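# Notes for the structure review
Now for the letters of each chain:
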Amino acid sequence: MSTILTSKTTPGAPLLRAESAFNFANEAIIITDANGCVADVNPAFCELTGLCLEEVYGQSLEAFSILSLDDSRTTRFMREQQQLRDRSKCQVSYRSHDGQFYPGMMSINRVRNAQGQVDHHVVVLADLSAIPAHARHLKREVFFDALTGLPNLQLLTQLIQESIQHAEAKQLPLAICSLDIDHFQTVNEQLGAHVGDSLLSTFAQRISHLLFGDDVLARVGGDEFVLLLHHSDDEHFFEKLLATIRKPLVIDGQSIYLTASLGITRYPNDHSQGDVLLRHAHQAMYRAKQRGRDTYHFFDPTQDRLLQVRHEQRQRFMDALNHNELRLFYQPQVDMANGRVVGVEALIRWQHPDEGLLSPAQFLPIIDATPLEVDLGEWVIEQALQQLTEWQKAGIVLPINVNISPAHLLGKEFSERLAELLASYPTVAPAMLKLEVLESAAMHDIQAALKNMARCQALGVGFAIDDFGTGFSSLTHLRQLPVNLIKIDQSFVRDMLSDQDDMAIVESVIYMANRFKRPMLAEGVETLAHAKALMALGCELAQGYGIARPMPPCDMPAWLEGWPQRSDWHSLATLQ
Ligand code: C2E
Ligand code: MG
Ligand code: MG
């Protein structure tokens with residue numbers, strides 16, 4: 001039989017390829033002439049319908065029961081509109097070889113000759129009933145959205161499953177795109193649900209014209225659609241999709257402008273199960289919304305895994321907080337001029353059941369910039385207040401410094417919560433608690449910091465500026481800050497004896513603190529040599545491994561007892 005396919009194509013390899021595509025395609029292909037009468041069909045068509053070319057030759061598609069699904073006024077109107085276009089797509093119902101009707105997706109491509117006249121049509125009929133056999137007996141409503149005639153979530157889920165298998169078997173890529181119309185709620189409210197409905201079905205028609213072959217457009221919610229793409233997963237396609245959506249839609253003579261946000265995930269790059277792929281596409285769509293809408297965002301599996309790990313780590317930390325795995329260690333602070341212990345700094349540790357004792361650097365980054373910072377901060381304050389109560393009972397009078405994270409200090413309710421915590425430990429004088437605040441935190445939002453610090457001071461709680469010298473604070477700010485102690489950062493102290501620059505910083509900090517009449521304490525004092533140098537510069541308070549390492553509270557009484565016998569350190573007093 002002579003076909004349009006063989007008579008119009010140029011001879012040679014392209015012809016062979018075109019013929020092979022026609023003969024071996026999975027989808028049924030029907031070639032109709034300029035008037036829509038069948039000229040040729042491929043083997044997939046014969047297999048699907050049980051009809052051979054002789055039986056359908058010269059007939060219209062309706063004659064052998066390929067029928068448009070919905071014959072409402074709007075669909076008829078849309079069909080008429082489609083007839084004006086060269087590429088169109090619609091959902092159909094077709095009679096299969098077993099005499100039953102099944103859902104299909106029909107794409108019609110009008111092919112013109114060099115003079116621009118219609119020469120023939122290429123009609124591709126994709127079988128949407130390729131769903132499990134038991135589902136074929138179910139009603140159409142179960143699988144299709146009533147308003148748009150598109151596959152619904154139920155059918156989509158199954159189609160995704162199949163597409164994954166297909167992509168896996170043929171090593172082909174697959175993209176799932178979640179599409180959500182921006183501000184559709186407002187359109188619905190302003191124009192009414194009736195216009196909203198027409199808008200959605202016209203919108204769906206428009207999008208489906210961009211699809212190719214066995215690509216699928218499904219409606220999964222009010223204004224939420226999903227595209228299952230086998231051919232187009234590049235940025236160019238999604239740019240084109242957004243541009244198409246931006247073009248006005250005319251409903252009842254009114255031009256309506258829409259935009260949408262797209263989230264895309266690509267298989268096998270995102271090697272997940274169908275429902276997870278859908279969730280990832282949704283997640284990416286929300287990112288597109290956050291990024292300002294009318295845009296697309298690709299899901300990033302690596303980034304997602306990192307977020308997942310972070311999430312699990314946070315959950316684990318929450319458990320640690322609730323199951324008493326956290327500990328406060330205490331590091332003494334002494335006055336080198338008289339050998340007296342002036343207080344302790346509370347330092348957090350995590351007694352991890354599997355990993356042992358973890359230092360703050362190993363877990364504080366996990367909760368950085370999360371509400372858990374506040375939870376931990378409150379736990380630390382409460383724990384310190386409890387410790388103060390216990391020591392007080394045992395006759396130990398040692399003020400405790402606790403470290404407060406910047407976000408916690410700058411929070412709105414910081415001073416109120418502190419007041420509540422203090423109230424629940426009425427035997428503890430608020431002056432026994434001092435809050436160590438990073439210099440950088442105080443500088444981050446100086447007004448908020450000043451306000452909260454003033455409120456806490458009104459409660460009787462003092463402040464120390466931690467890691468001083470690392471935060472580039474201006475002298476004006478330093479003068480403003482109501483602090484009772486300046487702690488010179490250990491990084492400068494450590495190398496002050498060997499590094500002239502560090503020595504210069506330590507000298508300047510000590511000079512400044514003296515000028516502003518603020519007490520200062522050197523952190524990281526590891527040797528007597530450091531201690532002597534610091535005293536010579538005028539800094540008398542010290543904390544560091546040379547004096548004591550941070551220790552659990554149970555070790556504190558023994559350390560306090562042994563400290564007076566440390567004659568090397570006590571001889572510093574006599575140097576004065
Ligand atoms: P920081 O407040 O500056 O605490 C001093 C750190 O220096 C402590 O480390 C302490 O063990 C260490 N250190 C003390 N003396 C010496 C010394 O002579 N040599 C050396 N090399 N190190 C010394 P740690 O306990 O690992 O704490 C690190 C940081 O974690 C703290 O720095 C503080 O910023 C933060 N942190 C600790 N506990 C808490 C807490 O309860 N809450 C918050 N938000 N942060 C905390
Ligand atoms: Mg500190
Ligand atoms: Mg420090």
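Residues numbered from 1 in each chain as written. Chains lettered and ligands numbered in written order. Predicted model: local features only at pLDDT ≥ 70, side-chain atom pairs only at ≥ 80, totals over all residues. Heavy atoms only, no water.

## Brief notes about the side chain of Thr49
Here Thr49 lies in helix α3 (residues 43-49). In this structure the side chain of Thr49 is engaged in a polar contact, spanning 2.8 Å, whose partner is the backbone oxygen of Phe45. Setting aside chain neighbours within four positions, we find Thr49 in contact with Arg95, Ser96 and His97. (Helix = DSSP H or I, 4+ residues; strand = E, 2+ residues; numbered from the N terminus. Polar contact = N/O pair within 3.5 Å; in protein donor to acceptor, adjacent residues only side chain to side chain. Contact = heavy atoms within 4.5 Å.)

## Here's the deal with the confidence of the model for the protein
Averaged over the protein, the pLDDT score is 88; the fraction of residues at 70 or greater is 90%. The low-confidence segment residues 1-11, where pLDDT is below 50, has 18 contacts with residues more than four positions distant or belonging to other chains. In this model residues 71-78 is a low-confidence stretch, pLDDT under 50, and it forms six contacts with partners more than four residues away in sequence or in other chains. (pLDDT = per-residue confidence, 0-100.)

## Examining the coordination of the magnesium ion (ligand 3)
Distances from the magnesium ion (ligand 3) to its protein donors, Asp466 (OD), Asp467 (OD), Glu523 (OE) and Glu523 (OE), fall at 2.0 to 2.6 Å. Each donor residue of the magnesium ion (ligand 3) lies on the same chain, and together they follow the pattern D-D-x55-E. Here Glu523 falls in the buried class, since its relative accessible area comes to 7%. (Donors = N, O, S within 2.8 Å, 3.2 Å for Na, K, Ca; no water. Buried < 20%, exposed > 50% of the residue type's maximum accessible area, 1.4 Å probe, protein only.)

## Focus: the packing of aromatic side chains
Applying the stated criterion to the full structure yields 12 aromatic pairs. Taking the centre distance of 5.2 Å and the plane angle of 20 degrees together, the rings of Trp559 and Trp563 count as stacked. Comparing Trp559 with Trp563, the two get one shared label, buried. Each residue in the set Phe237, Phe238, Tyr296 and Phe298 is aromatic and connected to the rest through ring pairs, giving one cluster. Positioned above the aromatic ring of Phe298 is the side chain of Arg266, whose terminal nitrogen or guanidinium carbon lies 4.0 Å from the ring centre. Positioned above the aromatic ring of Tyr545, the side-chain terminus of Arg549 is 3.8 Å from the ring centre. (Phe/Tyr/Trp six-rings, centres within 6.5 Å; stacked < 30°, edge-to-face > 60°. Lys NZ or Arg CZ within 6 Å of the ring centre and 35° of its normal.)

## Here we look at the pairing of strand β2 (residues 38-41)
With three bridges connecting them, strand β1 (residues 28-33) and β2 associate as antiparallel partners. Residue pairing in the sheet places Thr32 in a bridge with Val38 of β2. Counting the residues between successive antiparallel strands, the hairpin from β1 to β2 contains four residues, one of them, Gly36, with a positive phi of roughly 90 degrees. (Pairing = 2+ DSSP bridges.)

## Structural notes on the side chain of Ser261
Mapped onto the elements, Ser261 comes out in strand β12 (residues 260-267). Here Ser261 falls in the buried class, since its relative accessible area comes to 0%. At 2.6 Å, the side chain of Ser261 forms a polar contact with the side chain of Asp182. If near-sequence neighbours (up to four positions away) are discounted, Ser261 is found in contact with Ser178, Leu179, Asp180, Asp182, Met285, Ala288, Lys289, Arg293, Asp294 and Thr295.

## Details of the environment of Gln457
With respect to the helices and strands, Gln457 occurs in helix α18 (residues 446-459). Of the residues examined, Gln457 reaches a relative accessible area of 26% and is grouped as partly exposed. Sequence separation between Gln457 and Phe492 is 35 residues; the distance between their C-alpha atoms is 29 Å. In this structure, Gln457 is in contact with Phe463, Pro482 and Asn484, ignoring residues within four places of it in sequence.

## Considerations on the packing of helix α16 (residues 414-423) against α18
Closest axis-to-axis distance for the α16/α18 pair is 9 Å, and the angle between their directions is 20 degrees. The angle between the axes of α16 and α18 places the two elements in the roughly parallel class. For the element pair α16 and α18, the recorded crossing hand is right-handed. Two secondary-structure elements touch here, α16 through Phe414, Ser415, Leu418, Ala419 and Leu422 and α18 through Asn452, Arg455, Cys456 and Leu459. Within the contact of α16 with α18, the residues separate by chemical class into six nonpolar, two polar and one charged. (Axes fitted to C-alpha atoms, helices over the stretch in contact; angles between N-to-C directions. Parallel < 35°, antiparallel > 145°, perpendicular 65-115°, else oblique. Left-handed = near helix turned anticlockwise from the far one by under 90°. Nonpolar A, V, L, I, M, F, W, Y, C, P; charged D, E, K, R; others polar.)

## Examining the sheet that holds strand β9 (residues 224-229)
The five strands are arranged β8-β9-β7-β12-β13 in an open sheet whose pairing can be described as mixed. Unpaired on one side and paired on the other, β8 (216-221) and β13 (296-298) mark the two borders of the sheet. Across the sheet, the mean angle separating the axes of adjacent strands is 20 degrees when strand polarity is ignored. The pairing of β8 with β9 spans five bridges and is classified as antiparallel. Bridging from a neighbouring strand, Gly221 pairs with Glu224 of β9.

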